[in-house]
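Coordinate inspection notes
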Amino acid sequence: SAKKILTATPAHQPVSVNLRIESTDQTIFNSDINLPHSCQIGESNIFTNYKAICALETAREQNLLSYKTSDFGWGLFVDSINDIGGGENMFWSLYKNNSSASKGAADLELQEGDAMLMSYVNWNYNNEVLDMALSATSTPVGKNVALTAKQWNGSEFVDLNTTSTFFINNQPYTTASGTLEYTPDIIGENIVYVESEGKTRSTKKTFSATTTANNDPPVSKPIDSTPPNQGGGGGRTGGGYREAVPQ
């Protein structure tokens, strides 16, 4: 009978993980990192077995960000990222695959495909990770897109059902229910994410507004011409909105 040929896999190859870093007002970094099996930080700190701290160090070595740590004897503590840190009641919280990590960055081990998140948050909140569901990723101009805020409950994302602010092309739209119906009146790509007090903002998602279904020129049909709150600024705007009412 034919013999099975075994191919040896080199030990300690880098693994690919996603590194995302969120401050209170912006996404600092969100990209895949080739995480090495080990790294050295300073003159004497050597970390092995794909530690989370090595993801930060790899990004720093590539001049993608900067960070500072303190050593209290029981492990490294991340003080600041890109000089953000030290605020009253604020700290850099670590998450693995959306759940709050039970270990610090110097002890947390990552595997291929893991998502590592560091979020600058307030001690006084639970700071669950947010996500967002879109009813469509492409829609004709003048047709609604439903946006639903969701939060991680430890095993899955569930509807948030509380006050949330959706940012569409950096323009804020606040709803009390965590749901929004948005009607684009400009052709193009729309970038959207969601925030809520005491939570970690969602990643950015996109949906495209295309020509009308019958190829007529786009006609603006806003439900309301003024966003519910101002701020955020910048970016292309255009479209109507209303808070979605659960049926």
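See above for the structure.
So, here is what we can say about the structure in this document.

Each pocket or cavity is described by its volume, and for the largest pocket that value is around 310 Å³. As for the largest pocket, its lining consists of 18 residues, and the residues nearest its centre are Phe-77, Trp-92, Lys-103, Gly-104 and Ala-105. Breaking the lining of the largest pocket down by element, the ones donating at least two residues are strand E6 (76–81) and strand E7 (90–96). When residues of the lining of the largest pocket are assigned to their parent elements, the largest contribution, four residues, is made by E7. By residue class, the composition of the lining of the largest pocket is twelve nonpolar, four polar and two charged. In this structure, the second largest pocket encloses a volume near 250 Å³. Considering the residues around the second largest pocket, the lining is formed by 17 residues, among which Thr-24, Tyr-120, Ser-196, Gly-198 and Lys-199 are closest to the centre. Tallying contributions element by element places strand E9 (residues 115–122) first for the lining of the second largest pocket, with four residues. Considering only residue class, the lining of the second largest pocket consists of four nonpolar, eight polar and five charged.

This next bit is on the sheet that holds E9. Here five strands make up an open sheet; going across it, the order is E2-E1-E9-E7-E8 and the pairing mixed. For this open sheet the edge positions go to strand E2 (27–35) and strand E8 (99–100), each flanked by a neighbour on one side alone. Bridge count between E7 and E9: seven bridges; the pairing is antiparallel. Among the inter-strand pairings, Phe-91 is bridged to a residue of E9, identified as Val-121.

So, about the nonpolar core. Of all hydrophobic cores here, the largest spans 33 residues; its most connected members are Leu-19, Ile-21, Ile-53, Leu-56 and Met-116. Those elements that provide at least two residues to this core are strand E1 (15–22), E2, strand E3 (39–41), helix H1 (52–61), E6, E7 and E9. For this core, the element with the most residues is H1, which contributes six residues. What Leu-19 contacts, discounting residues up to four positions off in sequence, is Phe-29, Asn-30, Ser-31, Ile-33, Ala-55, Leu-56, Ala-59, Leu-65 and Met-116. Among the nonpolar cores identified, the runner-up in size contains 14 residues, and Met-132, Leu-160, Val-192 and Phe-207 belong to it.

Procedures and definitions
- Residues numbered from 1 in each chain as written.
- Predicted model: local features only at pLDDT ≥ 70, side-chain atom pairs only at ≥ 80, totals over all residues.
- Heavy atoms only, no water.
- 1 Å grid on protein atoms, 1.4 Å probe; cavity = no way out; pocket = protein on both sides within 12 Å on 5 of 7 lines; lining within 4 Å.
- Points joined across faces, edges and corners; volume = space filled by probe spheres on them.
- Helix = DSSP H or I, 4+ residues; strand = E, 2+ residues; numbered from the N terminus.
- Nonpolar A, V, L, I, M, F, W, Y, C, P; charged D, E, K, R; others polar.
- Pairing = 2+ DSSP bridges.
- Core = buried A, V, L, I, M, F, W, Y, C linked by side-chain atoms within 4.5 Å.
- Buried < 20%, exposed > 50% of the residue type's maximum accessible area, 1.4 Å probe, protein only.
- Contact = heavy atoms within 4.5 Å.

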